[in-house]
Amino acid sequence: MDPVTLETARLLLRPFTPADADAVYAACQDADIQYYTPTPTPFRREDAEKYVVETAPQGWTTDRDYILGAFRTDNGALVGSFCLTKLFQGVYELGYWAAKEQRGLGYSTEAARALCDWGFTVLAAHRIEWWAMAGNTASRALAEKLGFTLEGTLRNRSMVNGEPHDWWVGGLLKP
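Sequence positions are assigned chain by chain, starting from 1 and proceeding in written order. Residues qualify for local features only when their pLDDT is at least 70, as the model is predicted, and side-chain atom pairs are given and counted only at 80 or more; totals for whole chains, interfaces and linings, by contrast, use all residues. Values reported for side chains reflect all heavy atoms of the structure, with hydrogen atoms and water molecules removed beforehand.

Draft legend 1. Seen up close, the UniProt feature "domain: N-acetyltransferase" (unreviewed entry) in the protein chain. According to UniProt, the "domain: N-acetyltransferase" (unreviewed entry) feature falls on residues 11-174. Along residues 11-174 one finds 33% helix and 37% strand; the C-alpha atoms at either end are 23 Å apart. UniProt positions are given in the numbering used here, feature names are shortened, and annotations may be inferred rather than shown by experiment. Put simply, DSSP marks the helices as runs of H or I at least four residues long and the strands as runs of E at least two long, and each gets a number from the N terminus on.

Below, the structure written as structure tokens:
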């Protein structure tokens, strides 16, 4: 699928470009992003370049990961990265991270809602899943604002820093 651009009242969601590497690098220096998301730790400038030049475009090319950067329309600042990943026919996972200075302003909810609406409409999703490491209360709050239903806790689902961690899982069904 060719990459798309989505617009909301305050945001432009668009494919990342090489020019976005500095903003991605700066955002991913945040300890919470490195702890709660599958980004390399430490996150280097080369990792940011790879993300915007290889990872994000390849997701669209393979029709598996639909990654968009969310940018404020008032000043062009990077809000975060938002993605729908195909799990099964009609089932996608919503993933996201937000730049620390953009949190708490409603931008992530706006971006994630636009991407979910696009997924239900264009991708014909009937279910979108959300996963987060237990303890990531900001991610859970966002998912709940979007209408996701918490469906369970997966015990010791992953290892982080050599320790097993539980994960929450939720679902949002097509309206």
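Draft legend 2. The arrangement of the nonpolar core in detail. To qualify as a nonpolar core, a set must consist of buried Ala, Val, Leu, Ile, Met, Phe, Trp, Tyr and Cys residues joined through side-chain atoms within 4.5 Å. Any residue under 20% of the maximum accessible area for its type is buried, any over 50% is exposed, and the rest in between are partly exposed; the area is computed with a 1.4 Å probe on protein chains only. One finds Phe 82, Leu 84, Leu 94, Leu 115, Trp 118, Ile 128 and Phe 148 to be the most contacted residues of the largest nonpolar core, which totals 31 residues. For this core, the secondary structure elements donating two or more residues are strand 2 (11-14), strand 3 (65-72), strand 4 (78-88), strand 5 (91-98), helix 4 (107-121), strand 6 (127-133), helix 5 (137-145) and strand 8 (163-173). Broken down by element, the residue count for this core peaks at seven residues, all from helix 4. Setting aside its immediate chain neighbours within four residues, Leu 115 contacts Leu 6, Tyr 66, Leu 68, Phe 82, Cys 83, Leu 84 and Leu 94. Residues Phe 16, Ala 27, Ile 67 and Ala 99 belong to the second largest nonpolar core, which totals 17 residues. Contacts: residue pairs with any heavy atoms within 4.5 Å of one another.

Draft legend 3. Spatial organisation of the packing of aromatic side chains. Centre distance within 6.5 Å is the pairing criterion for rings of Phe, Tyr and Trp, where only the six-membered ring of Trp is used; planes under 30 degrees apart are then read as stacked, over 60 as edge-to-face, and the remainder as tilted. This structure, assessed with the given rule, holds nine aromatic pairs. Ring geometry for Trp 60 and Trp 118: centres 5.8 Å apart, planes at 55°, overall tilted. A residue pair is termed long-range when its members are at least 10 positions apart, and Trp 60 in helix 3 (residues 45-61) and Trp 118 in helix 4 qualify at 58 residues. Of the two residues examined, Trp 60 and Trp 118, each falls in the buried class. Among the aromatic residues, those joined into a ring-pair cluster are Trp 60, Tyr 66, Tyr 92 and Trp 118. Definition used: whenever NZ (Lys) or CZ (Arg) falls within 6 Å of the ring centre and also within 35 degrees of the ring normal, the charge is taken to sit over that ring. The ring centre of Trp 168 lies 4.7 Å from the NZ or CZ of Arg 140, which sits over that ring. The ring centre of Trp 167 lies 4.8 Å from the NZ or CZ of Arg 157, which sits over that ring.

Draft legend 4. Representation of the sheet that holds strand 1 (residues 6-7) within the structure. Two strands pair if DSSP finds at least two bridges between them. Read from one edge to the other, the open sheet built from eight strands follows the order 1-2-3-4-5-6-8-7, with strand pairing classed as mixed. Because the sheet does not close on itself, it has two edges, and the strands there are strand 1 and strand 7 (149-160). Angular values range over 0 to 180 degrees, each being the angle between N-to-C directions of two axes fitted as lines to C-alpha atoms, with helices fitted over their stretch in contact. Sheet strands in contact with helix 4 are strand 1, strand 2, strand 3, strand 4, strand 5, strand 6 and strand 8, and its direction is about 30° off that of strand 4.

Draft legend 5. Representation of the pairing of strand 4 within the structure. Extensive coverage of strand 4 is indicated by the burial of eight of its 11 residues. Two elements, strand 3 and strand 4, share seven bridges in a ladder whose sense is antiparallel. Within the sheet, the bridge partner assigned to Ala 70 lies in strand 4 and is Gly 80. A loop of five residues connects strand 3 with strand 4, the two strands running antiparallel in sequence, and Gly 76 in this loop sits at a positive phi of about 80°. When strand 4 meets strand 5, the two strands line up antiparallel, connected through eight bridges. The residue of strand 5 that forms the bridge with Cys 83 is Gly 95. The antiparallel pairing of strand 4 with strand 5 creates a hairpin that spans two residues between the two strands, and Gly 90 there sits at a positive phi of about 80°.

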